[in-house]
Amino acid sequence: MVDVFSGRLLVSKDGRSVDAEEALQNKVVGLYFSAGWCSPCRDFTPVLCDFYTELLEETQPPAPFEVVFISSDHSAEEMAGYMRAMHGDWLALPFHDPYKHWSWGSELVLEFPETLEAPSVEHHSQQLTLILSDVH
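Residues numbered from 1 in each chain as written. Predicted model: local features only at pLDDT ≥ 70, side-chain atom pairs only at ≥ 80, totals over all residues. Heavy atoms only, no water.

Visitor: Explain the overall build of the chain to me, please; I cannot follow it from the model alone.
Guide: Summing up its helical and strand segments, the chain has three helices and eight strands in all. The order of helices and strands in the chain, counted from the N terminus, is β-β-α-β-α-β-α-β-β-β-β. Buried residues in the chain amount to 48% of all 136 residues. Accessible area of the chain: about 7400 Å², with a carbon and sulfur share of 49%. (Helix = DSSP H or I, 4+ residues; strand = E, 2+ residues; numbered from the N terminus. Buried < 20%, exposed > 50% of the residue type's maximum accessible area, 1.4 Å probe, protein only. Areas by Shrake-Rupley, 256 points an atom, 1.4 Å probe, with all protein chains shown as cover.)

Quick look at the structure:
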């Protein structure tokens, strides 16, 4: 997944620029396609926040996992507001990065190694299909 973001900067919730290769190296990466105007997305975001917090803040050592948010918001301001109000401390592709219009596919399936012990989380909507599954 690091190769996908090679040479790109990501942004943190507080607006800092982060080198994608450095931040994502040796980690399982979840791409989160979402928008603040999307009600099902807003319903799912707290679930993802809890999952992220459990893996990174409540596990010792922290799991090698990172989320990259790819916004479908209508403006950079909407994206930033959604991130500040609801997101975990994960990273995002900058709003104006042309890469966010790349054809990512309509369904994303993430498979976690056994050592990550990820709980099964499944959410479906017209705007979002995200499946996080534990591989055993």
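Visitor: Explain the nonpolar core here, please?
Guide: The tendency in soluble globular proteins is for nonpolar side chains to be buried as a group. One finds Tyr-32, Leu-48, Phe-65, Val-67, Phe-69, Met-79 and Trp-90 to be the most contacted residues of the largest nonpolar core, which totals 24 residues. Looking at this core, the elements that each hand over two or more residues are β3 (28-34), α2 (39-56), β4 (65-71) and α3 (76-86). Ranked by residue count, the leading element in this core is α2, at eight residues. Excluding its chain neighbours within four sequence positions, the residues that come into contact with Trp-90 are Val-11, Ser-12, Lys-13, Tyr-32, Thr-45, Leu-48, Cys-49, Tyr-52, Glu-66, Val-67 and Phe-69. Counting residues in each nonpolar core, the second largest holds 13 residues, with Leu-10, Leu-24, Leu-93 and Tyr-99 among its members. (Core = buried A, V, L, I, M, F, W, Y, C linked by side-chain atoms within 4.5 Å. Contact = heavy atoms within 4.5 Å.)

Visitor: Mind showing me how you'd approach the pattern of salt bridges here?
Guide: One side chain can pair with another of opposite charge once the charged atoms of both are near each other. Within this structure, the stated rule accounts for two salt bridges. The salt bridge involving Arg-8 is made with Asp-97; its shortest N-O contact spans 3.0 Å. Of this pair, Arg-8 sits in the segment before β1 (9-11) while Asp-97 sits in the loop between β5 (91-92) and β6 (108-112), and the two are 89 residues apart along the sequence. The class of Arg-8 is partly exposed, set by a relative accessible area of 22%. Here Arg-16 ties to Asp-14 by a salt bridge, and the two come within 3.2 Å at their closest N and O atoms. (Salt bridge = Lys/Arg side-chain N within 4 Å of Asp/Glu carboxyl O.)

Visitor: Help me out: how do you make sense of the environment of Leu-93 in this one?
Guide: Topologically, Leu-93 is positioned in the loop between β5 and β6. Classification of Leu-93 by relative accessible area gives buried; the value is 1%. Sequence spacing of Leu-93 and Ser-71 is 22 residues, and the spatial spacing of their C-alpha atoms is 7.6 Å.

Visitor: For this particular structure, what's the right way to read the environment of Lys-13?
Guide: Residue placement: Lys-13 occurs in the loop between β1 and β2 (17-19). Once the C-alpha coordinates of Lys-13 and Arg-84 are considered, the two residues, 71 residues apart in sequence, prove to be 6.2 Å apart. If we ignore the near neighbours within four places in the chain, the residues touching Lys-13 are Met-83, Arg-84, His-87, Gly-88, Asp-89 and Trp-90. Separated by 2.6 Å, the side chain of Lys-13 and the backbone oxygen of His-87 make a polar contact. (Polar contact = N/O pair within 3.5 Å; in protein donor to acceptor, adjacent residues only side chain to side chain.)

Visitor: Help me out: how do you make sense of α3 in this one?
Guide: Quick reminder: α-helices carry 3.6 residues per turn. Residues three or four places apart thus point the same way. Of all the positions in α3, only Met-79, Tyr-82, Met-83 and Met-86 are classed as buried. Projected down its long axis, α3 shows its buried positions confined to an angular sector of 105°, all on one face. Within α3, the exposed residues directed more than 90 degrees away from the buried face are Glu-77, Arg-84 and Ala-85. Buried residues in α3 make contact with β1, β3, α2, β4 and β5. (Arc of directions from axis to C-beta.)

Visitor: What is the right way to read the pairing of β4 from this model?
Guide: Two faces belong to every sheet, and in a regular strand the side chains alternate between them. Here β4 lies mainly inside the structure; seven of its seven residues are buried. Across seven bridges, β3 lies against β4 in parallel orientation. Paired with Phe-33 across the two strands is Ile-70, which belongs to β4. Pairing analysis gives two bridges linking β4 to β5, with the strands arranged parallel. When the bridges of β5 are listed, Val-68 appears paired with Leu-91. Taken together, β4, α3 and β5 constitute a β-α-β crossover, and its handedness is right-handed. (Pairing = 2+ DSSP bridges. Right-handed = clockwise from strand over helix to strand, strands pointing away.)

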